[in-house]
Amino acid sequence: MAHPADALAVTGTALVRALGQPAHAVTVVCLVPGPAQARDHLLQVIGRGGRWEPDSEPLGSAGLLRLFRLGTRPGTTVCFVEPPEPSAPHAPLADLAAALLRRFAPGVVCTLDPDPEHLEWSEAQGASYADHPDHAAVARAALEAVRALRAERPGAATVAVECFRAAASCVRAAPTAVVRYPGPRIALGRGPDGRLTAHAALGGAVVRWTERTVGGPEWVREVLDTPPLLPVLCVARSAQGWAHLFSLRPVPDGPDGPGVEVMHAVQYQTGRPVGGWRSLGNPNGAATGKGRAAGVPCAVVDAEGCVHVYLRNFGRGVSARSQREDGSWTPWRDLQGSEVQDGLAAALDAAGRPVLFAPSRDGVLRWRHDAAAGDLRRAGPPLPLLAPPGTALSALATGPGRITLYGCDGRDGATYALRDGAAPTSLGGAGAAGPGAAEGARVLRADIDSYDCTVLLRRTPEGAVGVGAYPTEQERAGLWWEPLGAPGPREPAAAVDGFGRLTILSLGADGRLSVTRQDPTVAGLAFGGWTVV
């Protein structure tokens, strides 16, 4: 964090969840000096009356590290960096962050927003922000340090990164901790040869796990050669099984300030090298401050094999770019929209054309093709779902010409299913209580006891994997969430393997993958034990 108050005000619910898992060590580091009152308040809240044991360590040109270890919960440490005297040379912030990461060797790094939300913009002055400038500086330093450590130790475990931003006022029950880049960190899909492949955004790069044989227990892990990336990943698969990978790359400061650009690469064959990463630019142009605003990419491959990518833009609308049949790309185009949040979802209609959903302050906005060759256009009024900031929607084709939307509603924390012409149906979930109440769900269709079922996965309030299923489009039949264990920092991923078994992956806090598969010898949706790979 930057300041002592950030750990509570920005990442509070995530911190509560981490402290609720005694098996994991939790270290809070504040890089920017704060008043003694703020330090004492942080220690009081985390310690809950426990006894703190003070200590200190020199940081060379970075100053002094003040450590406080909680005697009643071993593994909980709070640290404050005291800089050297003003006349002494100061170490760059990224070097300080890297030194601290070496010191504590975390599996997950939680930090602030490297590209905060703007309040206003003018031609003369550019963008203005309510966020403290220390926040973005510390976040960018932490991300740079994570990438530097991965380069130093190519064989070591890669670090997962979570960025958080201040809660927006989209709904009254908005959670305290708002994930800056909502959506999957890990994607799972079946390739042309039937083998499963998982991709995850870790350590400023993409890590890939591939089944050694179809449905087999062994997986091959590789860190792909990528440009420096933010902790963002979207994978869209074509009908042939090709995997289109999208992420965001931070652009160094230039005459117009820092920026972000969309990156794209393709994996054509299972386990083979990924094609070169290509920049798709930024839909916001080069005006001062606008280049920092690029939402989480959402992509889909249409029936013709052309990929379409969508993201939230600087004006809080949606921008789109599409690949033509000859492989070239259209320019970015503005699809309009108002007060759009991150967490977009897309699916294909009966004709194999994209349908796009975007959460907003007024509900979920929709775009459809109005003619066979027409562009996406707004369709109907917003759907009545108020998704909390920092959560992602899911969309699934559930019948001929019918797409079902799934998302969490911030008013009660439950997951809902929505279709045209039908009232939203609650699928339950974490409910309004607990730090994990407001999160999205991952969804897919699978065969269970010869029935076409919709399977949903999400994290429980304790951070473990929860799974539920019901006959497709029969939401009123009821759904019960069952905890499967395997806690992890983000939502699980799932796919059907080459033997027809539902396979679930969870990314652990140590950057390793846990796998469980459906047991076809048991009636219903039963799974075997978790295997770490």
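Residues numbered from 1 in each chain as written. Predicted model: local features only at pLDDT ≥ 70, side-chain atom pairs only at ≥ 80, totals over all residues. Heavy atoms only, no water.

Undergrad: Help me out: how do you make sense of the overall build of the chain in this one?
TA: Of regular secondary structure, the chain possesses five helices and 37 strands. A globule of 533 residues ought to have a C-alpha radius of gyration of about 24 Å, and the chain, at 23 Å, matches this closely. Taken over the C-alpha atoms alone, the chain extends approximately 70 × 60 × 45 Å along its principal axes. Taking the contacts inside the chain whose residues are at least 6 apart along the sequence as the reference set, 50% of them involve residues at least 24 apart. Summing over all exposed atoms, the chain offers an accessible surface of approximately 22100 Å²; the carbon and sulfur share of this is 53%. Between the centroid of the 51 positive side chains of the chain and the centroid of its 52 negative side chains there is a distance of 1 Å. (Helix = DSSP H or I, 4+ residues; strand = E, 2+ residues; numbered from the N terminus. Rg over C-alpha atoms; globule rule 2.2 N^0.38 Å. Contact = heavy atoms within 4.5 Å. Areas by Shrake-Rupley, 256 points an atom, 1.4 Å probe, with all protein chains shown as cover. Lys, Arg positive; Asp, Glu negative; His and termini not counted. Charge placed at Lys NZ, Arg CZ, Asp CG, Glu CD.)

Undergrad: Which parts of the structure should I look at to understand the packing of aromatic side chains?
TA: Two aromatic rings are characterised by how far apart their centres lie and by the angle between their planes. Going through the model one piece at a time under the given rule, you end up with three aromatic pairs. Each ring, one from Trp121 and one from Phe314, has its centre 6.3 Å from the other, and the planes form 80 degrees; the classification is edge-to-face. Residue Trp121 is found in strand β6 (residues 118-122), and its partner Phe314 is found in the loop between β19 (307-312) and β20 (318-322); the two are separated by 193 residues along the sequence. Considering the side-chain rings of Trp242 and Tyr268, the 4.9 Å spacing of their centres and the 80 degrees angle between planes classify their relative orientation as edge-to-face. Within this pair, whereas Trp242 is found in the loop between β14 (234-237) and β15 (243-254), its partner Tyr268 is found in the loop between β16 (257-267) and β17 (278-281), the two being separated by 26 residues in sequence. For Trp242, a relative accessible area of 33% puts it in the partly exposed group. The ring of Trp367 carries the charged tip of Arg378 above its face, separated from the ring centre by 5.7 Å. (Phe/Tyr/Trp six-rings, centres within 6.5 Å; stacked < 30°, edge-to-face > 60°. Buried < 20%, exposed > 50% of the residue type's maximum accessible area, 1.4 Å probe, protein only. Lys NZ or Arg CZ within 6 Å of the ring centre and 35° of its normal.)

Undergrad: Would you explain helix α4 (residues 93-104) in this entry?
TA: Under the 1.5 Å per step criterion, the end-to-end length of α4 is 17 Å for twelve residues, consistent within 8% with the ideal 16 Å. Listed as buried for α4 are Ala94, Leu96, Ala97, Ala98, Leu100 and Leu101. Next to the buried residues of α4 lie β1 (26-30), β3 (64-70), β4 (76-82), β5 (108-111) and α5 (133-152). Looking one or two residues beyond α4, the residue adopting positive phi is Ala105, at roughly 45 degrees. (Expected span 1.5 Å × (residues − 1).)

Undergrad: Looking at this structure, how should I read the packing of α4 against α5?
TA: Angle between the axes and distance between the axes are the two parameters that describe a pair of packed helices. Two elements in contact, α4 and α5, have axes separated by 8 Å at closest approach and are oriented at 55 degrees. Between α4 and α5, the angle falls in the class oblique. At the point where α4 passes α5, the crossing takes the right-handed sense. Contacts from Leu93, Ala94, Ala97, Ala98, Leu101 and Arg102 in α4 reach Ala137, Val138, Ala141, Ala142, Glu144, Ala145, Val146, Leu149 and Glu152 in α5. Residues of the contact of α4 with α5, tallied by class, amount to twelve nonpolar, no polar and three charged. (Axes fitted to C-alpha atoms, helices over the stretch in contact; angles between N-to-C directions. Parallel < 35°, antiparallel > 145°, perpendicular 65-115°, else oblique. Left-handed = near helix turned anticlockwise from the far one by under 90°. Nonpolar A, V, L, I, M, F, W, Y, C, P; charged D, E, K, R; others polar.)

Undergrad: I'm lost on the pairing of strand β31 (residues 451-459) in this one. Help?
TA: Every regular strand shows the same layout, with side chains that alternate between the two sheet faces. Judged by how many residues are buried, β31 sits mostly within the fold: seven of nine residues are covered. Here seven bridges tie strand β30 (residues 442-448) to β31, and the two strands are oriented antiparallel to one another. Note that in β31 the partner of Ile448 across the bridge is Tyr451. Hairpin geometry of β30 and β31 is characterised by an intervening segment of two residues between the two adjacent antiparallel strands and by a positive phi of about 55 degrees at Asp449. Summarising the sheet, β31 and strand β32 (residues 465-471) pair through seven bridges and their orientation is antiparallel. (Pairing = 2+ DSSP bridges.)

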